[in-house]
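Observations on chain architecture
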Amino acid sequence: EWPETGRLALYLLGLRATCPLPEPGPQRLLVTWLKYYLEEDWAGSRRHGQPLTSYYQYSLGVLALCVHRKRVREEVIHRLLAAEHHGRFRHTGSSTVDTEAVAALAFTCLERERLVGSRLAAELQAARRRLRRRMVEAQDPDGFLGNVYSTPWAMQVFIATNTCRTQPAYSRAMAALLENLDAFTTAATMAQVLPVLHGRSYLDIASMRCQEEPDTLTPVSAEPPAEKLGNMTVRLVVECPEPRCPQHRLYDRTVSAPSGASLLDVLRAATMQGPPNFTFVTQDTSQGPFLSRVLGMEARQQQRSYWQLLTAPGTSLQMGVADYRPHDGETLILRLSEW
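How each quantity is defined
- Residues numbered from 1 in each chain as written.
- Predicted model: local features only at pLDDT ≥ 70, side-chain atom pairs only at ≥ 80, totals over all residues.
- Heavy atoms only, no water.
- UniProt positions renumbered as here; feature names shortened; annotations may be inferred.
- Helix = DSSP H or I, 4+ residues; strand = E, 2+ residues; numbered from the N terminus.
- Buried < 20%, exposed > 50% of the residue type's maximum accessible area, 1.4 Å probe, protein only.
- Contact = heavy atoms within 4.5 Å.
- Areas by Shrake-Rupley, 256 points an atom, 1.4 Å probe, with all protein chains shown as cover.
- Salt bridge = Lys/Arg side-chain N within 4 Å of Asp/Glu carboxyl O.
- Expected span 1.5 Å × (residues − 1).
- Arc of directions from axis to C-beta.

The name given to the chain in an unreviewed UniProt entry is Transcobalamin-2, with the source organism recorded as Phaetusa simplex. Within the UniProt record for the chain, the comment given under Subunit (unreviewed entry) is "Interacts with CD320 (via LDL-receptor class A domains)." What UniProt states about the chain under its Subcellular location (unreviewed entry) heading is, verbatim, "Secreted".

1. Describing the overall build of the chain
Scanning the chain for helices and strands turns up eleven helices and eight strands. Every one of the 339 residues in the chain was classed for burial, and the buried ones make up 46%. Of the contacts formed within the chain by residues at least 6 apart in sequence, a portion of 65% connects residues at least 24 apart. Surface summary for the chain: the accessible area is close to 18,000 Å², and the carbon and sulfur share equals 51%.

2. Focus: unusual backbone geometry
Residue Pro313 follows Ala312 across a cis peptide bond; omega there is 5°. Among the structural elements, Pro313 can be located in the loop between strand 6 (305–311) and strand 7 (315–316). Despite not being glycine, Leu295 shows a phi value in the positive range, around 50°. Mapped onto the elements of the fold, Leu295 is located in the loop between strand 4 (288–294) and strand 5 (297–298).

3. A look at the pattern of salt bridges
Applying the stated criterion across every chain, the model contains 16 salt bridges. The salt bridge partner of Arg130 is Glu84, with a shortest N-O separation of 2.7 Å. Pair noted here: Arg130 is in helix 7 (residues 118–137) and Glu84 is in helix 5 (residues 74–85), with a separation of 46 residues, a long-range link. Residue Glu84 is classed as buried on the basis of its relative accessible area of 2%. With a closest N to O distance of 3.2 Å, Glu100 and Arg134 form a salt bridge. With Glu100 in helix 6 (residues 97–112) and Arg134 in helix 7, this pair connects stretches of sequence that are 34 residues apart. Under the relative-accessibility criterion, Glu100 is labelled buried at 5%.

4. Overview of helix 7
Here helix 7 is 20 residues long and its end C-alpha atoms lie 29 Å apart, about the 28 Å a rise of 1.5 Å per residue gives. Looking at helix 7, one finds that the buried residues are Leu120, Ala121, Leu124, Ala127, Arg128, Leu131, Arg132 and Met135. Buried residues along helix 7 cover an arc of 140° about the axis, so they all sit on one side. Across from the buried face of helix 7, at angles greater than 90 degrees, the exposed residues are Ser118, Arg119 and Glu137. Elements in contact with the buried residues of helix 7: helix 5, helix 6 and helix 8 (150–160).

See below:
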């Protein structure tokens, strides 16, 4: 069974933030499972040279254990330090800011909670400085640190290390974030950006005094958004690289969908507008629906492949299939890629 490192780590972070009743049994079991997943995850290094899932999920696991004030084996920490030192966080064609930020938060937490010795703490501090410097270097002209979704992670690092007031990159990132809050539509992405808007990081969860927390979890009724009238037409293209697919372009046709529809709605509309017949499968994840199979071609994490979402001619989308809303006349590309 594939390790659920990232999902369980996020659950444990959320559980700690909700100030649960003092029933240590279930929490202790979940922490034990996370430690087990970290070891199972690393078993993939014997074949791939990196965790079975990713360094992002691996770092999340270390961060969650630290926030729960649970010691992490030094070997586990050294694995992350070695990955940072040798530049192994990078994947082809993708930003590494989110991975670097989560690792930096984990390093900061381990040092702050005094869960490591002085020598290892010095190594963590030096690695954190390098990671923070690379995040600043990754800031784009719009102010994003990597992209819109990695920006809150990077900003949490500046908050956790008390450098947000002295770092100009932080102010520029906050301005960009405030102009693009509509990009955060899932529970997982909202959970990343909300602490930043209040000047907090996930490390603050470790020091919460739950007895003093007010009960503010009251439901809010929101009015449904006004429906947009009319239809739009988009061009949907499916690509698969050689040698896996001798026929590089597997699908190319226009699809009609209601104006304001999401990319997921467009894919659903395409299934009813053949021939040629269009098929796809999604999997539910903490980040929303994940596109796993298109026209029978499956993206396999074991093979480090995924369905990349692009808008022509080759701009990678920074949103998932349920979040991105195409505009009329746009060309959307689903490309089976490797990371």
